[in-house]
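Structural overview for review
The chain contents come next:
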Amino acid sequence: MKTALITGITGQDGAYLARLLLDKGYRVYGTSRKSEPEGRWRLVETGVLGNDSLRFCEHDITDFSSNLRLLEACEPDEIYNLAAQSYVGLSFKQPLVTGAVNGLGPVCLLEAIRILNPQTKFYQASTSEMFGKAEDSPHNELGPFFPHNPYGAAKLYAHFMTINYANAHSIFASSGILFNHESPLRSKSFVTRKITDSVARIRLGKMDCLELGNLDVYRDWGYAKEYVAGMWKILQAPTPGTYVLSTGRPKTVRDFARLSFSSVGIELDWVGDGLNEVAKDRHTGKTVIRINPQFFRPTESERQVGDADKALRELGWKAETTLEQLCSLMVEADIRRCEKEA
Ligand code: GDD
């Protein structure tokens, strides 16, 4: 029986990855900063809470001794480092916390591996935000990198430290550069789930109008469940490396909103421009989307699209779910939740 350690297990990816590893027969240790974490509901939704092979540990990735004690206690074969301050918008307001958790945190874990057991495999959750403002796209493992916010800058440091530990200390340390990946387990602070939750509420007559920021940024949105399978494959490769996981299809926030509304039979007409633009329900004429400048960011990664060719060639990994399917499955899950609330 292999042992895996997932830091940040109560996030979207942690919950799906725990399910996947338990199904593969792993013993899983999962960490979160609090003993009663907000994201516990995700472990209920994936059906892993209460599993005999799953253990929880309270852990702070920024505390080096906490990392040492954790690794001593769990003796993991594989570590998946998913713990992060994962909100790009918040990173502008909390740049130092973001740097400590997303930049130095992974190095604390790598140092602990180096000291205690260099045979431990390490996966670092890197991100498309490391490409940021870089214009050559689609982006692959080689860059160019030009992070455009404190979140991406901290993640880029951790990315190169992961590569450095593999090269300098022969540790099996790999990095997955994941483009946006979504699911019904997403927090509503991210734009996709904010949209699908609002679509469900508007459909059920519990809400009138959704407020969004920049509608015209491009993102490369895939289905998170498929992406955690990619993380596992990255650690099963014969040698450590960096892999981009993405769909390769650039779509705008406006596209995501259109497809989500359309999945419940609401077609949109866009009227006006700039901050005064609104989307109306074609059938009723009611305004269902308007712009709120509060949701704009000081700087924006305008166009994110990835090239996952290396992952296909070397790992046999490919994103399968279409954006239409993703929007539908997220809206359906939110409709079920809203109906239960009632
Ligand atoms: N959150 C949010 N809320 N974003 C909005 C809104 C809104 O009301 N309106 C427009 N947007 C735009 C943002 O400006 C951004 O360009 C885009 O929607 C996506 O924002 P998020 O869903 O917050 O995600 P993100 O792209 O910033 O970051 C996510 O993906 C990264 C890449 O995988 C996070 O999960 C990061 O942790 C992750 O690294």
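Our structure is the block above this text.
Below, the structure is looked at part by part. Quick caveat, the model's predicted, so the values are computed rather than measured. (Residues numbered from 1 in each chain as written. Predicted model: local features only at pLDDT ≥ 70, side-chain atom pairs only at ≥ 80, totals over all residues. Heavy atoms only, no water.)

**A few points about the sheet that holds strand β6 (residues 173-178)**
Quick note on the threshold: A pair of strands is treated as paired once DSSP finds two or more bridges between them. Think of it this way: any DSSP run of H or I at least four residues long counts as a helix, any run of E at least two long counts as a strand, and we number them from the N terminus. Between N-to-C directions, angles cover 0 to 180 degrees, with each direction set by a line fitted to C-alpha atoms, over the stretch in contact for helices. Whether two residues touch is decided by their heavy atoms; if any such pair falls within 4.5 Å, the residues are in contact.
Taken in spatial order, the 7 strands make up an open sheet running β3-β2-β1-β4-β5-β6-β11, and their pairing is parallel. Two strands lie at the open edges of the sheet, namely β3 (54-58) and β11 (242-245), each paired on one side alone. Each strand axis lies, on average, 20° off the axis of its neighbour in the sheet, ignoring direction. The pairing of strand β2 (residues 27-32) with β3 spans 5 bridges and is parallel. The residue of β3 that forms the bridge with Gly 30 is Phe 56. Packing of helix α1 (residues 12-23) onto the sheet brings it into contact with β1 (3-7), β2, β3 and β4 (78-81), and relative to β1 it is tilted by some 175°. Those strands touched by helix α3 (residues 64-74) are β1, β2, β3 and β4, and its axis lies near 155° from that of β1.

**Here we look at helix α11 (residues 323-341)**
The cut-off we apply is this: Multiplying 1.5 Å by the helix residue count minus one yields the expected span of that helix. With a 1.4 Å probe rolled over the protein chains alone, any residue whose accessible area is under 20% of its type maximum counts as buried; one over 50% counts as exposed, and the rest are partly exposed.
With 19 residues, α11 extends 27 Å from end C-alpha to end C-alpha; this agrees with the ideal 27 Å at 1.5 Å per step. When α11 is considered as a whole, its buried residues turn out to be Leu 323, Leu 326, Cys 327, Met 330, Val 331, Ala 333, Asp 334, Ile 335, Arg 337 and Cys 338. Packed against the buried residues of α11 are α2 (40-45), β7 (181-182), α7 (191-203), β10 (222-223), β12 (251-252) and α9 (253-262).

**Some points on the site of the ligand**
Our working rule: Proximity is defined per residue: any heavy atom of the residue falling within 4 Å of a molecule or strand makes that residue near it. Counting of polar contacts relies on pairs of N or O atoms within 3.5 Å, with two restrictions inside protein: one atom must be capable of donating a hydrogen and the other of accepting it, and residues adjacent in sequence are counted only when both atoms are side-chain atoms. Gly falls in the polar group here, along with every residue not listed as nonpolar (Ala, Val, Leu, Ile, Met, Phe, Trp, Tyr, Cys, Pro) or charged (Asp, Glu, Lys, Arg).
Around the ligand, the surrounding shell holds 23 residues, and the nearest of these are Ser 86, Tyr 151, Lys 194, Arg 297 and Glu 300. One of the side-chain N or O atoms of Tyr 151 is found 2.5 Å from an oxygen atom in the ligand. Between Glu 300 and the ligand, the recorded distance is 2.6 Å, taken from a side-chain N or O atom to an oxygen atom. Across the shell around the ligand, the residue classes tally to 10 nonpolar, 7 polar and 6 charged.

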